[in-house]
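Notes for the structure review
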Amino acid sequence: MLSMTATCLSSPCSTYPQSFDTVDHEILLTRLKVSFGIRGAALDWFQSYLSNRVECVRRGSARSTQKIVRFGVPQGSVLGPLLFILYTAGLIDLIEGYGLHPHLYADDTQI
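Residues numbered from 1 in each chain as written. Predicted model: local features only at pLDDT ≥ 70, side-chain atom pairs only at ≥ 80, totals over all residues. Heavy atoms only, no water.

Notes on helix α1 (residues 25–34)
Stated precisely, the cut-off is as follows: Working definition: with a 1.4 Å probe on protein chains only, accessible area under 20% of the residue-type maximum means buried, over 50% means exposed, and in between means partly exposed. A run of H or I in DSSP becomes a helix once it reaches four residues, and a run of E becomes a strand once it reaches two; helices and strands are each numbered from the N terminus. Read the arc as the range of directions from the helix axis to the C-beta atoms. The criterion used for residue contact is that any of the two residues' heavy atoms lie within 4.5 Å. Throughout this description, a polar contact denotes any pair of N or O atoms lying within 3.5 Å of each other; where both atoms belong to protein, one of them has to be capable of donating a hydrogen while the other can accept it, and for residues adjacent in sequence the pair is counted only when both atoms sit in side chains.
All of the buried residues in α1 are His25, Leu28, Leu29, Arg31 and Leu32. Down the axis of α1, the smallest arc covering the buried residues is 160°, so these residues share one side. Structural note: α1 exposes Glu26 and Val34 on the side pointing more than 90 degrees away from its buried face. On its buried side, α1 packs onto α2 (40–50) and α3 (79–87). Where α1 begins, the side chain of Asp24 points an oxygen toward the backbone nitrogen of Glu26, at a separation of 2.9 Å.

Quick word on a nonpolar patch on the surface
For the record, the criterion: The patches described consist of residues with a relative accessible area above 30% and no salt bridge, like charges being joined within 9 Å and nonpolar side chains (Val, Leu, Ile, Met, Phe, Trp, Tyr) within 5 Å. Note on areas: Shrake-Rupley, 1.4 Å probe, and residue coverage restricted to the protein chains presented here. Should a side-chain nitrogen of Lys or Arg be within 4 Å of a carboxyl oxygen of Asp or Glu, the pair is scored as a salt bridge.
On the surface, a cluster of nonpolar side chains totalling about 490 Å² of accessible area is made up of Leu94, Tyr98, Leu100 and Ile111. Examined against the element boundaries, Ile111 turns out to sit in the segment after β6 (108–110). On the accessibility criterion, Ile111 (67% relative accessible area) is exposed.

Some details on unusual backbone geometry
At Asn52, a position not held by glycine, the phi torsion is positive, near 60°. For Asn52, the location among the structural elements is in the loop between α2 and β2 (53–59). Residue Asn52 is classed as partly exposed on the basis of its relative accessible area of 42%.

Brief notes about the environment of Gln75
With respect to the helices and strands, Gln75 occurs in the loop between β4 (67–68) and α3. Gln75 gets classed as partly exposed once you look at its relative accessible area, which sits at 24%. In the structure, Gln75 is positioned 54 residues away from Asp21 in sequence and 8.7 Å away in space, judged by C-alpha atoms.

Concerning the environment of Gln110
Along the chain, Gln110 turns up in strand β6. If we ignore the near neighbours within four places in the chain, the residues touching Gln110 are His101, Pro102 and His103.

So, the nonpolar core
Just so we agree on the cut-off: Put simply, a nonpolar core is a bunch of buried Ala, Val, Leu, Ile, Met, Phe, Trp, Tyr and Cys residues held in one set by side-chain atoms that sit within 4.5 Å of each other.
The biggest cluster of nonpolar side chains holds 15 residues, and the ones touching the most others in it are Leu28, Leu32 and Leu83. Mapped onto this core, the elements with two or more residues apiece are α1, α2 and α3. Excluding residues that lie within four positions of it along the chain, Leu32 makes contacts with Gly37, Ile38, Leu43, Phe46, Leu83 and Leu86.

Let's talk about the packing of aromatic side chains
Let me state the cut-off plainly: Pairing of aromatic rings covers Phe, Tyr and Trp, the last through its six-membered ring, and needs centres within 6.5 Å; plane angles under 30 degrees mean stacked, over 60 mean edge-to-face, and all others mean tilted.
Counting across every chain of the model gives three aromatic pairs. Ring geometry for Trp45 versus Phe46: centroids 5.3 Å apart, planes at 80°, classification edge-to-face. The class of Trp45 is partly exposed, set by a relative accessible area of 41%. Residue Phe46 is classed as buried on the basis of its relative accessible area, which comes to 14%. Judged by centre distance (5.1 Å) and plane angle (10°), the rings of Trp45 and Tyr49 are stacked. Highlighted residues: Trp45 and Tyr49, both in helix α2, separated by four residues, approximately one helical turn.

This is the structure:
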């Protein structure tokens, strides 16, 4: 397993889309397994990648206490957007199942 990783933001306001912060790790891991057939060492790697992450806020020389990150995908990484896309992959079918026609672009969805 990977060791605990700390990320400090330079200001309390993040410029990343909040959608990426709402990804539930357990649901994502289940989707990777059930919907995409990822199992064994690969699934263990994703679990390790998402687990034991902490973050804090730094402003000048002041720094908040670290908090465990229980939701979201690592931002600023190559895998973050890919994991978000895999997490939301069933959204189109769900919306269309109600007779609606969604338009999706990155982390935006219009119904």
